[in-house]
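Read off the chains here:
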Amino acid sequence: MSRYWSAVVHGLTPYVPGEQPKLANLVKLNTNENPYGPSPRALEAMRAEVGDGLRLYPDPNADRLKEAVAKRCGVTAQEVFVGNGSDEVLAHVFLALLKHERPILFPDISYSFYPVYCGLYGIGYETVPLDGDFAIRVDDYLKPNGGIIFPNPNAPTGRALPRAEIERLLQANPDSVVVVDEAYVDFGAESAVPLMAKYPNLLVVQTLSKSRSLAGLRVGFAVGHRSLVEALTRVKDSFNSYPLDRCAIAGAAAAIEDEEHFERTRRAVMASREKLAADLAGLGFDVLPSAANFIFARHPQRDAGGLAQALRERSIIVRHFRQPRIEQFLRITIGTDEQCAALVAALQEILA
Ligand SMILES: *Cc1c(COP(=O)(O)O)cnc(C)c1O
């Protein structure tokens, strides 16, 4: 009975996540999950939390996790903010740091949650077109703005922006916050974290959902100057004091500390990506260079929607965006080598 809805709810256009079909035996390459499991040390740490201790609230500051992130990023715990998935961290970022008089800037082809947050919080935005090769052109962002946000590597294109270009953007925008959403950075891009010491207007957001294979746990974090972190904490403590439960804090900290598992699995994903990119090129696809755990590709002769449907009939799910400029592309998550081979075999059959 929508007559009970607030005016805000009437005006919302919610984000639509990639589907999570409840079917067995799917080759699920649509939401950029990691095909390898989480760190065994993370699972063990979470199991150890399941007990009588759950009657107590978790640490509202998640200090154990902040310390693990701080150590990994070479910053102090006061420069770390943690949240229930980077989606929640980003939500707080929009309200705390991107809601100003002037519109914010982000790429025309980018994470489709950004305009949703703008709608929720009443934030004006302008989209800045990627260039003809789907790359971010820093020179196009050198104009007055209320803030800048983009993923690096970008999603769903997979293209990475070099750190030197991000520095140029920071230098040109000392009066607004520049947010780099590094959801996929561990698969081959340069992190902006080392720039933090020099630029108090830089905020870097990362997640444990992709490279740490913990999408189901919902943990993300931001790293930036303590005054940016303080702004985020003020919003968080006006919203939910305990966004991370005890299992999430313990599991995420252990996952971050398990360097060996992290290195081995991310390298496996990157190696599979290079092989899949070559195989797709062999089938005639145009493949954008990817620094992420997915590939963005189009076939010059075949309709992307039709290909996605034909794959689905063979129990393989990839992501297709019905959106200007990219409606002929498929975004394909890197699976195990076996899953990638199943995809290539299916495409061979479909294209024959
Ligand atoms: C996956 C993704 C996120 C969200 O990650 P969660 O931590 O799972 O909420 C944020 N930004 C981009 C660009 C992503 O692709």
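For the structure given in this document, a descriptive report is provided here. Bear in mind that the values here come from a model prediction, so they are computed numbers and not experimental data. (Residues numbered from 1 in each chain as written. Predicted model: local features only at pLDDT ≥ 70, side-chain atom pairs only at ≥ 80, totals over all residues. Heavy atoms only, no water.)

**Examining the overall build of the protein**
For step 1, the next point in the chain: On a plain count of helices and strands, the protein comes out with 11 helices and 12 strands.
For step 2, the next point in the chain: For a compact globule of 352 residues, the expected C-alpha radius of gyration is about 20 Å, and the protein comes in at 20 Å, within 12% of that figure.
For step 3, the next point in the chain: Entry remark: accessible area of the protein is about 16000 Å², with carbon and sulfur atoms responsible for 52%. (Helix = DSSP H or I, 4+ residues; strand = E, 2+ residues; numbered from the N terminus. Rg over C-alpha atoms; globule rule 2.2 N^0.38 Å. Areas by Shrake-Rupley, 256 points an atom, 1.4 Å probe, with all protein chains shown as cover.)

**Observations concerning the pairing of strand S4 (residues 125-128)**
For step 1, the next point in the chain: Sheet topology note: the strand S3 (residues 104-107)/S4 ladder contains 4 bridges and is parallel. Note that in S4 the partner of Pro-107 across the bridge is Val-128.
For step 2, the next point in the chain: Tracing the backbone out of S3, into helix H5 (residues 114-121) and back to the parallel element S4 gives a crossover that is right-handed. (Pairing = 2+ DSSP bridges. Right-handed = clockwise from strand over helix to strand, strands pointing away.)

**A closer look at helix H8 (residues 246-257)**
Along an α-helix, residues three or four apart share an orientation, since each turn contains 3.6 residues.
For step 1, the next point in the chain: Counted at 1.5 Å a residue, the expected span for H8 with its 12 residues is 16 Å, and the 17 Å between its end C-alpha atoms agrees.
For step 2, the next point in the chain: Taking burial as the measure, the 12 residues of H8 include 10 buried ones, the bulk of the element.
For step 3, the next point in the chain: Taken together, the buried residues of H8 touch helix H2 (40-49), helix H3 (63-73), strand S8 (220-224) and helix H9 (259-282). (Expected span 1.5 Å × (residues − 1). Buried < 20%, exposed > 50% of the residue type's maximum accessible area, 1.4 Å probe, protein only. Contact = heavy atoms within 4.5 Å.)

**Examining the site of the ligand**
For step 1, the next point in the chain: Near the ligand you find 13 residues, and of these Ser-86, Tyr-184, Thr-207, Ser-209 and Lys-210 are the closest.
For step 2, the next point in the chain: Contact between the ligand and Asp-181: a nitrogen atom at 2.7 Å from a side-chain N or O atom of the residue.
For step 3, the next point in the chain: Contact distances for the ligand include 2.5 Å between an oxygen atom and a side-chain N or O atom of Thr-207.
For step 4, the next point in the chain: When isolated, the ligand has an accessible area of 390 Å², and the protein chains bury 93% of it.
For step 5, the next point in the chain: With 4 residues, the top contributor of residues to the shell around the ligand is helix H4 (residues 85-97).
For step 6, the next point in the chain: Its residues assigned to classes, the shell around the ligand shows 5 nonpolar, 4 polar and 4 charged. (Near = heavy atom within 4 Å. Polar contact = N/O pair within 3.5 Å; in protein donor to acceptor, adjacent residues only side chain to side chain. Nonpolar A, V, L, I, M, F, W, Y, C, P; charged D, E, K, R; others polar.)

**Let's talk about unusual backbone geometry**
For step 1, the next point in the chain: A cis geometry characterises the amide bond from Asn-152 onward to Pro-153, with omega recorded as -5°.
For step 2, the next point in the chain: Along the chain, Pro-153 falls in the loop between strand S5 (148-151) and helix H6 (163-172).
For step 3, the next point in the chain: Between Ala-155 and the following residue, Pro-156, the backbone shows a cis peptide bond with an omega angle of 5°.
For step 4, the next point in the chain: Mapped onto the fold, Pro-156 is located in the loop between S5 and H6.
For step 5, the next point in the chain: Here Ala-62, not a glycine, exhibits a phi torsion of approximately 45°, which is positive.

**Quick look at the nonpolar core**
For step 1, the next point in the chain: One finds Leu-65, Phe-150 and Leu-202 to be the most contacted residues of the largest nonpolar core, which totals 56 residues.
For step 2, the next point in the chain: In terms of residue count, H8 provides more of this core than any other element does, 9 residues in total.
For step 3, the next point in the chain: Both domain 1 (2-37 + 260-351) and domain 2 (45-258) contribute no fewer than three residues apiece to this core.
For step 4, the next point in the chain: Look past the residues within four positions of Phe-150 in its chain and what remains in contact with it is Pro-107, Tyr-114, Ile-136, Leu-161, Ile-166, Leu-169, Val-178, Val-179, Val-180 and Asp-181.
For step 5, the next point in the chain: Formed by 33 residues, the second largest nonpolar core is a distinct cluster that contains Ala-155, Ala-304, Ala-346 and Leu-347. (Core = buried A, V, L, I, M, F, W, Y, C linked by side-chain atoms within 4.5 Å. Domains from an automatic or database assignment.)

**Overview of helix H11 (residues 337-351)**
For step 1, the next point in the chain: The terminal C-alpha atoms of H11 lie 21 Å apart, and with 15 residues this matches the ideal 21 Å at 1.5 Å per residue to within 8%.
For step 2, the next point in the chain: Of the surrounding elements, those touching the buried residues of H11 are strand S1 (27-29), H9, helix H10 (304-313), strand S11 (316-318) and strand S12 (329-333).

**Let's talk about the pairing of S5**
For step 1, the next point in the chain: Burial along S5 is two-sided: Ile-148 and Phe-150 and Ile-149 and Pro-151, pointing in opposite directions, are all buried.
For step 2, the next point in the chain: The pairing of S5 with strand S6 (residues 178-181) spans 4 bridges and is classified as parallel. The partner of Phe-150 across the bridge, within S6, is Val-180.

Geometric values such as these leave the question of function open.
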